[in-house]
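Listed below, chain by chain, are the residues.
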Amino acid sequence: MVLKVFFPSCCSSADSGILVGRWLAQQSSAVVLAVVHFPFIPVQVKQYLGEVQRVTRVSLSVLGSWSNSKQEKEEGLSEFLEDLGTIFSHEPWIQISKEGDSKFWSCSTLQKCSSSPKEEEVILVYYDQHKVMLSHLHPPLDTADGRAEDASKLSAIFDTVARSRVLFMTDRYDEGPIKLTHWQSEGVEASIIVELLKQASVPACMLLTFLLSLVSGICRSRKANIFVSLLIDVALGILLMSWLYRKNRIGHLADTLIPVADRVAEELQDLLQWLMGAPAGLKMNRALDQVLGRFFLYHIHLWISYIHLMSPFIEMILWYVGLSACLGLTVALCILSDIIALLTFHIYCFYVYGARLYCLKIYGLSSLWRLFRGKKWNVLRQRVDSCSYDLDQLFIGTLLFTILLFLLPTTALYYLVFTLLRLLVVIVQGLIHLLVDLIDSLPLYSLLLRLCRSYRLAAGVKFRVLEQQDGKPLRLLMQINPLSYGAVVQTYRLPTYSCYPKDSWASLCKKLFLGELIYPWKHKGEKQD
């Protein structure tokens, strides 16, 4: 059996003492959390471990002894460390010691209760206690090849270190019966300066402590991504608002909006005049062509009158709309999308008229085609059934089919042109909504955490061989593998309500061919008519 001992690298220079940690029997692993120095009273150590275990819900015990090479000159130290195994009954009793200035350590185990003790192979694994405590181990996306089982074993080690924060509050510099060495022992002398600052400015330090506790409470959860995203959104919105109200840019934008709307209306009028002639040399039905052209020209005339009627109020409207940017950049972008929808409302009307007329003719032709074949659509059973028609019905159906068939190219041309214009507007609005979704859902805090402190987001660990010699324990260094940036975005992406349905390209092309209306702001389950 192979015994794995996870030893914190910060304790490699600690004074001699006993090893405190957790024993994982299922994995045959010992996770060392701290070293208790001499002198100590065993009863007090047991009481302290009991209190820590009651708070952390982690079964802590004395795993073995630790002997530093600096203490080798003291007589009987090794025998004393071995005798501690009778006081702290743990099976197996682990003994780790340094050998002078050598790079190799000796690690052995004692089986007191076993009738036939046998030598166990020991693997000594060093780990950075501070990084392991702060890191969050993510389960692997690919659970094949036993990766899930390995991840569960590692998660037990990470969870043991993370839940033992209370143990790290006591260190070797505290005045008490127990002196510990762990990751927080070094550099704790700076707390003297902190205490002096607290006494000098108690109210300010209390406020600072409250803010730090609030921020640390936010940063421990996934809410930190929402908080940072909202903060950046509001900051960008305020920058946009300050840019709009500087140098009278609102007035310049209002003065530019009316000429642009007139220019768009003129281009649409020229397009309709081109369709009312012989577009691309195609011969259209002149009567229907003129009716449709004049109908759409009349709507453009109404639209131009509406724009000029609203022109005195446009600057005031834009001035109040610009104030909404203080609520965030996403709010300003959504209002921009609504303004585009209002400014292109005439294009939407043209698209609806053309699509309804084209859809009516397509469904009429399909129904009359079934009439020729002696079929009809059964509405109740949602299927095509056989049906017998008399001569008058066939004659009228033939006339209607001929009329609709010869009028279809003219209607299809108008439908095609206005559908392309409508798709252009939808693409612009879609890009704006994609930008809004990107700002709302991008986990900025997690990405910054991955950039600055990559060990906080752990995807797994890797082991590097430090030293290996016959008769000595294998020494490994456990290093944290951070999550990739793609995995960070996939794991911590914030949920957003996307207003665009997940239609396939085939479904979209079918709707366009049949003349069905495309509502990008509605979902599949909603009624579209």
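Residues numbered from 1 in each chain as written. Predicted model: local features only at pLDDT ≥ 70, side-chain atom pairs only at ≥ 80, totals over all residues. Heavy atoms only, no water.

**Quick word on the overall build of the protein chain**
Note the following rule: In this description a helix means any DSSP run of H or I spanning at least four residues, a strand means any run of E spanning at least two, and both kinds are numbered starting from the N terminus. Whether a residue is buried, partly exposed or exposed follows from its accessible area with a 1.4 Å probe, protein chains only, as a fraction of its type maximum: under 20%, in between, or over 50%, in that order. Contacts: residue pairs with any heavy atoms within 4.5 Å of one another. Here the open area of atoms and residues is found with the Shrake-Rupley method and a 1.4 Å probe, where only the protein chains shown may cover a residue.
Scanning the protein chain from terminus to terminus reveals 15 helices and 13 strands. Across the 529 residues in the protein chain, those meeting the buried criterion constitute 39%. Looking at the protein chain alone, contacts between residues at least 24 apart form 70% of all its contacts between residues at least 6 apart. Here the protein chain displays about 30800 Å² of accessible surface, and carbon together with sulfur accounts for 64% of that area.

**Focus on helix α12 (residues 391–441)**
Basically, it comes down to this: Expected helix span is taken as 1.5 Å per residue step, with the number of steps being one fewer than the number of residues. One fitted axis covers the seven residues ending at a residue, a second covers the seven starting there, and the bend at that residue is the angle between these axes.
With 51 residues, α12 extends just 64 Å between its outermost C-alpha atoms, more than 12% less than the 75 Å of an ideal straight helix rising 1.5 Å per residue. Maximum bend of α12: about 40°, positioned at Leu408, with proline Pro409 one to four residues after it.

**Focus: the packing of aromatic side chains**
We count it as follows: Classification of ring pairs rests on two measures: the distance between centres of Phe, Tyr or Trp rings, Trp counted by its six-membered ring, which must be within 6.5 Å, and the angle between planes, read as stacked under 30 degrees, edge-to-face over 60 and tilted in between. Think of it as a cone above the ring: NZ of Lys or CZ of Arg counts as a charge over the ring if it is within 6 Å of the ring centre and within 35 degrees of the ring normal.
This model, assessed by the stated rule, comprises 16 aromatic pairs. Between the aromatic rings of Trp303 and Tyr306, the centroid separation amounts to 5.4 Å while the plane-to-plane angle is 40°, which identifies the pairing as tilted. With Trp303 and Tyr306 both in helix α9 (residues 286–323), this residue pair falls 3 residues apart, about one helical turn. Relative accessible area serves as the criterion here: at 44%, Tyr306 is assigned to the partly exposed category. Over the face of the ring belonging to Tyr485 we find Arg450, whose NZ or CZ atom lies 4.6 Å from the ring centre.

**A few points about a nonpolar patch on the surface**
Convention followed: Patch membership needs two things, relative accessible area over 30% and no salt bridge, and members are linked within 9 Å if like-charged or within 5 Å if nonpolar (Val, Leu, Ile, Met, Phe, Trp, Tyr). Salt-bridge detection follows one rule: a side-chain nitrogen of Lys or Arg within 4 Å of a carboxyl oxygen of Asp or Glu.
Taken together, Phe313, Met316, Ile317, Trp319, Tyr320 and Leu323 make up a surface patch of nonpolar side chains, about 600 Å² in accessible area. Relative to the assigned elements, Trp319 resides in helix α9. With a relative accessible area of 40%, Trp319 lands in the partly exposed category.

**Describing the pairing of strand β10 (residues 375–378)**
Cut-off, in case you're wondering: By this definition, two strands are paired if DSSP reports at least two bridges between them.
Bridge count for β10 against strand β11 (residues 383–386) is 4 bridges, and the pairing is antiparallel. For Trp377, the partnering residue across the bridge sits in β11 and is Val384. Hairpin connection of β10 to β11: 4 residues between the antiparallel strands, including Gln382 at a positive phi of 55°.

**Considering the packing of α9 against helix α10 (residues 329–343)**
Convention followed: Only C-alpha atoms enter the line fits that serve as axes; for helices the fit covers just the stretch in contact. Angles between N-to-C directions range over 0 to 180 degrees. The scheme is simple: roughly parallel for angles under 35 degrees, roughly antiparallel for over 145, roughly perpendicular for 65 to 115, oblique for anything else. Under the convention adopted here, Pro, Cys and the residues Ala, Val, Leu, Ile, Met, Phe, Trp and Tyr are nonpolar, Asp, Glu, Lys and Arg are charged, and Gly plus all remaining residues are polar.
α10 packs onto α9 with a crossing angle of 170° between their chain directions and a minimal axis gap of 12 Å. What the angle tells us is that α9 and α10 run roughly antiparallel. Counted together, Trp303, Ile307 and Val321 of α9 and Ile335, Ile339, Leu342 and Leu343 of α10 form the full contact between these two elements. Here the residues of the contact of α9 with α10 sort into 7 nonpolar, no polar and no charged.

**Observations regarding the nonpolar core**
Nonpolar side chains tend to gather and get buried jointly when the protein is soluble and globular. Our working definition: Here, nonpolar core refers to any group of buried Ala, Val, Leu, Ile, Met, Phe, Trp, Tyr and Cys residues whose side-chain atoms link them within 4.5 Å.
Formed by 40 residues in total, the largest nonpolar core has its most connected members in Ile18, Val31, Val36, Val45, Phe88, Tyr127 and Leu167. Contributing elements (two or more residues each) for this core: β2 (17–24), β3 (29–37), α1 (42–56), β7 (121–127), α3 (129–134), α4 (147–162), β12 (457–467) and β13 (474–482). Beyond its immediate stretch of four places on either side in the chain, Leu167 contacts Leu33, Ala34, Tyr48, Val52, Leu180 and His182. In this structure, Cys11, Leu19, Val35 and Leu124 belong to the second largest nonpolar core, which totals 19 residues.

**Remarks on the packing of helix α11 (residues 345–372) against α12**
The test is simple: It is the rotation of the near helix from the far one that decides the hand of a crossing: anticlockwise by less than a right angle makes it left-handed, clockwise makes it right-handed.
Between α11 and α12, whose axes approach to 7 Å, the crossing angle comes to 150°. Of the possible angle classes, the one that applies to α11 and α12 is roughly antiparallel. The way α11 lies across α12 gives a crossing that is left-handed.

**Regarding the pattern of salt bridges**
Two side chains bearing opposite charge may form a pair once their charged atoms approach each other closely. Under the criterion given, the structure shown has 4 salt bridges. A salt bridge links Arg163 to Asp159; the nearest nitrogen and oxygen atoms lie 2.9 Å apart. Given a relative accessible area of 33%, Arg163 falls into the partly exposed group. For Asp159, a relative accessible area of 32% gives the class partly exposed. For Arg263, the salt bridge is made with Glu266, and the minimal N-O distance between the two is 3.9 Å. With Arg263 and Glu266 both in helix α8 (residues 249–275), this residue pair falls 3 residues apart, about one helical turn. Residue Glu266 is classed as partly exposed on the basis of its relative accessible area, which comes to 41%.

**Regarding the confidence of the model for the protein chain**
Heads up, the condition is: Known as pLDDT, the predictor's per-residue confidence is scaled from 0 to 100.
In this model, the protein chain carries an average pLDDT of 79, and 79% of its residues clear a pLDDT of 70 or more. Highest mean pLDDT in the protein chain belongs to α12 (89); lowest belongs to helix α5 (residues 191–200) (53). Taken as a whole, residues 187–192 scores under 50 in pLDDT and shows 3 contacts with residues more than four places along the chain or in a different chain.

**A closer look at unusual backbone geometry**
Across residues other than glycine, the phi torsion is negative in most instances, and most of the peptide bonds are trans. Residues other than glycine seldom take positive phi values, yet Arg57 does so here, at roughly 60°. Residue placement: Arg57 occurs in the loop between α1 and β4 (61–67). Looking at Arg57, the relative accessible area reads 65%, which means it is exposed. You will see that Asn248, though not glycine, has its phi angle at about 55°, which is positive. Tracing the sequence through the fold places Asn248 in the loop between α7 (223–244) and α8. Relative accessible area serves as the criterion here: at 47%, Asn248 is assigned to the partly exposed category.

**Points about the environment of Gln393**
Among the structural elements, Gln393 can be located in helix α12. Exposure remark for Gln393: the relative accessible area of 39% places this residue in the partly exposed category. Put simply, Gln393 and Leu371 are 22 residues apart on the chain and 8.7 Å apart in space, counted from C-alpha to C-alpha.

**With respect to the side chain of Arg22**
Note the cut-off: Positive charges come from Lys and Arg alone, negative charges from Asp and Glu alone, with His and the N- and C-terminal ends not counted. Nitrogen and oxygen atoms within 3.5 Å of one another constitute a polar contact, given that in protein one can donate a hydrogen and the other can accept it, and given that sequence-neighbouring residues count only through two side-chain atoms.
On the secondary structure map, Arg22 appears in strand β2. Comment: no salt bridge for buried Arg22; closest opposite-charge side chain is Asp159, at 4.7 Å. Here the side chain of Arg22 touches Thr160 through a polar contact of 2.7 Å, side chain to side chain.

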